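Here is what each chain is made of, one letter per residue.
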Amino acid sequence: MFNDTDKFLKDFETIVNIDSSSDHLPGIERVAQFFQKRFSAIGFTADILFKGEAGVPCLQAVFGAGNGPYDLMFLGHMDTVFPFGEVEKRPFSIQGDKALGPGVCDMKGGLLVVLHVLETLKKEGVLDKMSVCVSFNGDEETGSNASKEWIQSIAGKSRRVFVFEPCRPGYRMVSRRKGGGWFHVSVTGKEAHAGADPDKGTNAVVELANQIIAIDALNDPDTGTSAQVTVVAGGDKVNIIPGKATASVDVRIERLEEKQRVETFFNTLSQRTRLPGSKISVQGNIDRPPMEITPESQALLDVILLEGKKMGIDVSSIATGGCSDGNFTAALGTPTIDGMGLVGANSHRPDEYVELASIPVMVNLISNVCKALI
């Protein structure tokens, strides 16, 4: 049984106080080195891999079956959304019943849950009966482009996947996530003097405005699909008909069949211009499939709920519109449960926090789940 919260907090301070934004690779590598040393100390074969052209640091730590199949894949990310220098502004701190700092909730707390679960299982002699692969990537916040195939390859050799994104307040884990992607719409018109010769121009901003209305119509609460225009730009000077305009669109889907409908809409946008002389080009796609609940995932969730009940914790699950790397593993058919990190909220915000009381609860809960599964 885990009961060393002080040691957890010391580790917490160490890794939160390492700037590890997605574009600061040395910081991500330092986080990976911390975990590499600790996992190696309990018998894991731990390696830092450098993925993609940029060489994104990722940690792979294997115990038991070297090449799989693995009883469990523990998945998490070491990068944060906060820029280099954020730690100096607001380092790890404890305020009342909460811990604060850059990435404390999303998701350095979850990474430490993995470490302390496995250290606890090793101490109890349970780990020796398991085969485990720990996979911590360094580019989740930017889409996991460099690490996606690596994550999928391990998930394909795993019987179950636990994702250590934050647990929601009230001990609510995540059993379903929307899939999603980004689309970038570019409109080309023709510049002209806005006062003297407006009829000689083609207003790219007006064309884009028409397309934004059409994009907004994609929103469908009944299917769980959302299409939100989030960034718009166009025009240079107030007295010139704008010749260029752009928009970025965040799309989320709850059902896999919506992928084709949405992508077809954007791929045919160039055929539906409203103003003569305007042209539209589109880049993007749905690159994360939805994480849907399957009978196998439900059975895994039932084990977690039962173990929580034994501990006197009312554990439940939710669906969320946010994506994670669990979308990729679930799409392979590997039973996946997400939100298994520390209880917290306000991810990506300066007031991000985790509940200190959840540290022993989550470490012991996941440890008990692992025991129940072997």
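Basis of the calculations
Residues numbered from 1 in each chain as written. Predicted model: local features only at pLDDT ≥ 70, side-chain atom pairs only at ≥ 80, totals over all residues. Heavy atoms only, no water. Helix = DSSP H or I, 4+ residues; strand = E, 2+ residues; numbered from the N terminus. Buried < 20%, exposed > 50% of the residue type's maximum accessible area, 1.4 Å probe, protein only. Phe/Tyr/Trp six-rings, centres within 6.5 Å; stacked < 30°, edge-to-face > 60°. Expected span 1.5 Å × (residues − 1). Polar contact = N/O pair within 3.5 Å; in protein donor to acceptor, adjacent residues only side chain to side chain. Contact = heavy atoms within 4.5 Å. Pairing = 2+ DSSP bridges. Axes fitted to C-alpha atoms, helices over the stretch in contact; angles between N-to-C directions. Core = buried A, V, L, I, M, F, W, Y, C linked by side-chain atoms within 4.5 Å.

### Digging into unusual backbone geometry
Next, step 1: Here the amide bond leading from Asp106 into Met107 is cis, since omega sits at -5 degrees, within 30 degrees of zero.
Next, step 2: Tracing the chain through its elements places Met107 in helix H4 (residues 104–123).
Next, step 3: Of note in this structure, Ser144 is not a glycine but carries a positive phi near 60 degrees.
Next, step 4: If you trace the backbone, Ser144 turns up in the loop between strand S6 (132–137) and helix H5 (148–155).
Next, step 5: Positive phi values are uncommon outside glycine, yet Asn346 reaches one of about 65 degrees.
Next, step 6: Summarising the element assignment, Asn346 is placed in the loop between strand S17 (344–345) and strand S18 (353–355).
Next, step 7: Asn346 gets classed as partly exposed once you look at its relative accessible area, which sits at 24%.

### As for the packing of aromatic side chains
Next, step 1: Tallied over the entire structure, the rule returns 13 aromatic pairs.
Next, step 2: Summarising the aromatic geometry, the rings of Phe8 and Phe12 are spaced 5.7 Å apart at their centres and angled 85 degrees between planes, so their arrangement reads as edge-to-face. One end of the pair, Phe8, and the other, Phe12, are both in helix H1 (residues 5–16), four residues apart, so they sit about a helical turn from each other. The residues Phe8 and Phe12 share a single accessibility class, namely buried.
Next, step 3: Ring plane angle 70 degrees and centroid distance 5.4 Å describe the contact between Phe74 and Phe164, whose orientation is recorded as edge-to-face. You can see Phe74 sitting in strand S3 (residues 72–77) and its partner Phe164 sitting in the loop between strand S7 (161–163) and strand S8 (172–177), a full 90 residues away along the chain.
Next, step 4: Assessed through its relative accessible area of 0%, Phe164 is described here as buried.

### Examining helix H10 (residues 358–373)
Next, step 1: Taking 1.5 Å of rise per residue, 16 residues should cover 22 Å, and H10 covers 22 Å from first to last C-alpha, within 8% of that figure.
Next, step 2: Counted residue by residue, H10 has twelve buried out of 16 residues, so it is predominantly covered.

### Some points on the side chain of Thr80
Next, step 1: Inspection of the secondary structure puts Thr80 in the loop between S3 and helix H3 (86–89).
Next, step 2: In this structure the side chain of Thr80 is engaged in a polar contact, spanning 3.2 Å, whose partner is the backbone nitrogen of Phe82.
Next, step 3: Discounting residues that sit within four places of it in the chain, Thr80 has contacts with Ser20, Ser21, Ser22, Gly103, Asp106, Lys108 and Glu141.

### Notes on the sheet that holds strand S14 (residues 279–288)
Next, step 1: If you walk across this open sheet you meet the four strands as S11-S13-S9-S14, and the pairing is antiparallel. Across the chains shown, the open sheet's two edge strands, defined by having one partner strand only, are strand S11 (226–234) and S14. Direction aside, the axes of adjacent strands within the sheet are offset by 15 degrees on average.
Next, step 2: Sheet topology places strand S9 (residues 179–188) next to strand S13 (residues 244–253); ten bridges connect them, and they run antiparallel. Paired with His184 across the bridge in S13 is Ser248.
Next, step 3: Contacting S9, S13 and S14, helix H7 (residues 258–267) crosses the sheet at an angle of about 175 degrees to S13.

### Overview of the nonpolar core
Next, step 1: Phe12, Phe35, Phe39, Phe74, Leu118, Phe162 and Ile366 are the most contacted members of the largest nonpolar core, which totals 67 residues.
Next, step 2: Here this core takes eleven residues from H4, the largest share from any one element.
Next, step 3: Not counting residues within four places of it along the chain, the set of residues in contact with Phe12 comprises Phe92, Ala99, Val104, Lys108, Gly109, Leu112, Leu342 and Val354.
Next, step 4: In terms of nonpolar packing, the next biggest core, distinct from the first, is built from 19 residues, Val185, Val251, Phe265 and Phe266 among them.

### Description of the sheet that holds S7
Next, step 1: Ordered by their spatial adjacency, six strands build an open sheet running S1-S2-S6-S3-S7-S16, and the pairing between neighbours is mixed. Because the sheet does not close on itself, it has two edges, and the strands there are strand S1 (45–51) and strand S16 (336–337).
Next, step 2: Here strand S2 (residues 56–63) pairs with S6 via five bridges, running antiparallel. When the bridges of S6 are listed, Ala61 appears paired with Val134.

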